[in-house]
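# Descriptive structure summary
The chain contents come next:
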Amino acid sequence: MRMVDLIMKKRDGRALSEEEIQFFIEGYTKGEIPDYQASAMAMAIYFQDMTDQERADLTMAMVHSGDTIDLSAIEGVKVDKHSTGGVGDTTTLVLAPLVASVGVPVAKMSGRGLGHTGGTIDKLESVAGFHVEISNDEFVKLVNRDKVAVIGQSGNLTPADKKLYALRDVTGTVDSISLIASSIMSKKIAAGADAIVLDVKTGAGAFMKTQEEAKELAHAMVKIGNRVGRQTMAVISDMSQPLGYAVGNALEVKEAIDTLKGHGPADLTELVLTLGSQMVVLGGKAASLTEARENLQEVIANGQALEKFRQFLKNQGGDPSVVDRPEKLPEAPFKIQLPAKKNGVVSEIIANEIGVAAMLLGAGRASKEDKIDLSVGLVLHKKVGDKVMQGDSLLTIHSSSEDVEEVMAKLYQSITISDNAEKPTLIYDSVT
Ligand code: URA
Ligand code: CA
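Residues numbered from 1 in each chain as written. Chains lettered and ligands numbered in written order. Predicted model: local features only at pLDDT ≥ 70, side-chain atom pairs only at ≥ 80, totals over all residues. Heavy atoms only, no water.

### A closer look at the overall build of the protein
Defined as follows: A run of H or I in DSSP counts as a helix once it spans at least four residues, and a run of E counts as a strand once it spans at least two, with each numbered from the N terminus. In this setup the radius of gyration rests on C-alpha atoms only. A globule is expected at 2.2 Å times the number of residues raised to 0.38. Buried, partly exposed and exposed residues are distinguished by accessible area as a fraction of the type maximum, computed with a 1.4 Å probe on protein chains only: under 20%, between the cut-offs, and over 50%, respectively.
Along the backbone of the protein there are 16 helices and 13 strands. Relative to the 2.2 N^0.38 estimate, which gives 22 Å for 432 residues, the radius of gyration of the protein is 22 Å and therefore close to what a compact globule would have. A principal-axis box enclosing the C-alpha atoms of the protein has dimensions of 70 × 50 × 40 Å. Looking at the protein as a whole, 54% of its 432 residues qualify as buried.

### Examining the packing of aromatic side chains
Which entries qualify depends on this criterion: Any two of the Phe, Tyr and Trp rings considered here, Trp counted by its six-membered ring, make a pair once their centres fall within 6.5 Å; the pair's planes then place it as stacked at under 30 degrees, edge-to-face at over 60, or tilted in between. By the criterion adopted, a ring carries a charge over it if an Arg CZ or a Lys NZ lies within 6 Å of its centre and within 35 degrees of its normal.
A full pass over the atoms with the stated rule returns four aromatic pairs. Pairing Phe24 with Tyr28 gives two aromatic rings, centres 6.4 Å apart and planes at 25°, and the pair type is stacked. Of this pair, Phe24 and Tyr28 are both found in helix H2 (residues 18-30), four residues apart, which corresponds to roughly one turn of the helix. Both residues of the pair, Phe24 and Tyr28, belong to the buried class. With a centroid separation of 5.1 Å and 85° between ring planes, the pair formed by Tyr46 and Phe47 is classed as edge-to-face. The exposure class assigned to Phe47 is exposed, which follows from its relative accessible area of 63%. The rings of Phe130, Phe309 and Phe312 are connected pair by pair, giving a single aromatic cluster. The ring centre of Tyr28 lies 4.4 Å from the NZ or CZ of Lys163, which sits over that ring.

### Concerning the sheet that holds strand S10 (residues 387-388)
Applied cut-off: For two strands to count as paired, DSSP must find a minimum of two bridges between them. Every residue pair with non-hydrogen atoms within 4.5 Å of one another is taken to be in contact. Angles shown run from 0 to 180 degrees and are taken between the N-to-C directions of axes, each axis being a line fitted to C-alpha atoms and, for helices, limited to the stretch in contact.
Spatially, the three strands line up as an open sheet ordered S10-S8-S12, and their pairing is antiparallel. Pairing within the sheet leaves two strands with one partner each, and these edge strands are S10 and strand S12 (415-418). Where strand S8 (residues 344-349) lies against S10, two bridges are found, and the strand directions are antiparallel. Looking across to S10, one finds that Gly344 is bridged to Val388. Taken strand by strand, helix H16 (residues 405-414) contacts S8 and S12, and its axis lies near 45° from that of S12.

### A few points about the domain arrangement of the protein
The criterion, for reference: The domain limits used here are those given by an automatic or database domain assignment. Defined in terms of a 1.4 Å probe, buried area is the accessible area two parts forfeit on being brought together, summed over both. In the sections that follow, a salt bridge refers to a side-chain nitrogen of Lys or Arg positioned within 4 Å of a carboxyl oxygen of Asp or Glu. Nitrogen and oxygen atoms within 3.5 Å of one another constitute a polar contact, given that in protein one can donate a hydrogen and the other can accept it, and given that sequence-neighbouring residues count only through two side-chain atoms. Residue classes follow a fixed rule: Ala, Val, Leu, Ile, Met, Phe, Trp, Tyr, Cys and Pro count as nonpolar, while Asp, Glu, Lys and Arg count as charged, and any other residue, Gly among them, counts as polar.
On domain assignment, one finds that the protein holds domain 1 (3-48), domain 2 (79-325) and domain 3 (333-418). For domain 1 and domain 2, the distance between their C-alpha centroids amounts to 32 Å. With both chains or domains summed, domain 1 and domain 2 bury close to 1000 Å², and 76% of this area falls on carbon and sulfur atoms. Where domain 1 meets domain 2, there are zero salt bridges. Where domain 1 packs against domain 2, one counts one residue pair in polar contact (both at pLDDT 80 or more). If you tally residues by element for the side of domain 1 that touches domain 2, the top one is helix H3 (residues 35-48), at seven residues. Residue composition of the side of domain 1 that touches domain 2, by class: eight nonpolar, three polar and one charged.

### Re the layout of surface pockets
Rolled over the atoms, a probe as big as a water molecule pinpoints where empty space is left. Using the following cut-off: The distinction between a cavity and a pocket rests on a 1 Å grid over the protein atoms alone: a 1.4 Å probe fits inside a cavity but cannot get out, while a pocket stays open yet meets protein on both sides within 12 Å along at least five of seven lines, and a residue with an atom within 4 Å of a point counts as lining. Grid points are joined across faces, edges and corners, and a volume is the space filled by probe spheres set on the points.
Of the voids in this model, the second largest pocket is the one considered here, and its volume is about 320 Å³. The wall of the second largest pocket is formed by 19 residues, among which Ala250, Leu251, Lys254, Val379 and His398 lie closest to the centre. In terms of residues, the lining of the second largest pocket owes the most to one element, helix H11 (residues 249-260), which gives five residues.

### A few points about the coordination of the calcium ion (ligand 2)
What counts, and what does not: Donor criterion used throughout: N, O or S atom within 2.8 Å of the metal, extended to 3.2 Å for Na, K and Ca. Water excluded; incomplete-looking sites may result.
Protein coordination of the calcium ion (ligand 2) is provided by Gly88 (O), Thr90 (OG1), Leu243 (O), Ala246 (O) and Glu255 (OE), with donor distances spanning 2.3 to 2.7 Å. When the donors of the calcium ion (ligand 2) are listed by position in the chain, the intervening gaps give G-x1-T-x152-L-x2-A-x8-E. Residue Gly88 is found in the loop between strand S1 (79-83) and helix H5 (91-100), and its partner Ala246 is found in strand S6 (residues 246-248); the two are separated by 158 residues along the sequence.

Here's what the structure looks like:
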């Protein structure tokens, strides 16, 4: 087989076979196929697209390009949740203990990554002592006993995706549904998921800016999952404004605790119940979404979900008393209000701009070497559709420095007050 023939085949709009896709991915991973040929192939895929079968074959070729995690020692259906990324997305912190407390095993492997705030691991590390450096045996033991554990990323997962993603980034080929869907799904499958719940975000703070694009990506990923034997479903949710109130690491842990206590923000609570119900049904712990939702509401109301969070923190060296005394979490020295400049209704809170403001405060990493400040971030007091009077605080800035002029300017540019506005829809659709 010659790579040039495969490039021409795709260039001319024909479908590649499983063997041809494997040849491309294996050769590229090993360095036998050069970047210029892989770039040409990515561009051909961008223009000619792929069939559902090609997308599934590409996904599995990338899964087998490196290590895969074997979770078979863990009892039950391992359901993983994936979000395509947003601002102040606290759902994983809530979902892990919540679905674990109704018996769905949560065996989470997580990384740090770049972004407006840290990743799930960074957030959890704002609890004193909490760590994810546990052995594989300990990880399996904890999930079997208590249904939830988080371990740091290890091994060489989907090297083909890493290499191809870096190449796409510099060749104008990121925005291809086929390439995005196979990239995301390959990572979930390599990490050992039996079933997958996807939260595809749409809006200013999301990768997919329009509902149409989000829906297309959701359908593509669901089809791949189901074709390769992993039951998959997706929810399309709003990310035009940040989710919940808190954007920051320790601040989001506190928000997660509030939500597990039953008094979290309405949007975060609703999204968690929607995604959680799907996870519980896929995990075989309820027969219907209605039953699953009732069970989740019950463990929030009776304190079992919160108790599960305490146990999870303690199991991994964390101080469980933060659940009852969130003031023990890292706290920024300066809390500065952002007063509304006029009366009206909040009509826009541009999520990605709010994320950038949180990053300016030090809540996230721009490059791998950056250190993040777990205490800083933003807590919104108003969301889109809320009335405000001039002088009301729109949000509190939690900062390590008194000088927040640049952040304030950025925030004022990102929040609009108009005569009227409606609350945006939170969940647009679900795809199975
Ligand atoms: N996120 C991914 O993991 N892969 C893509 O291709 C795009 C976004
Ligand atoms: Ca939040």
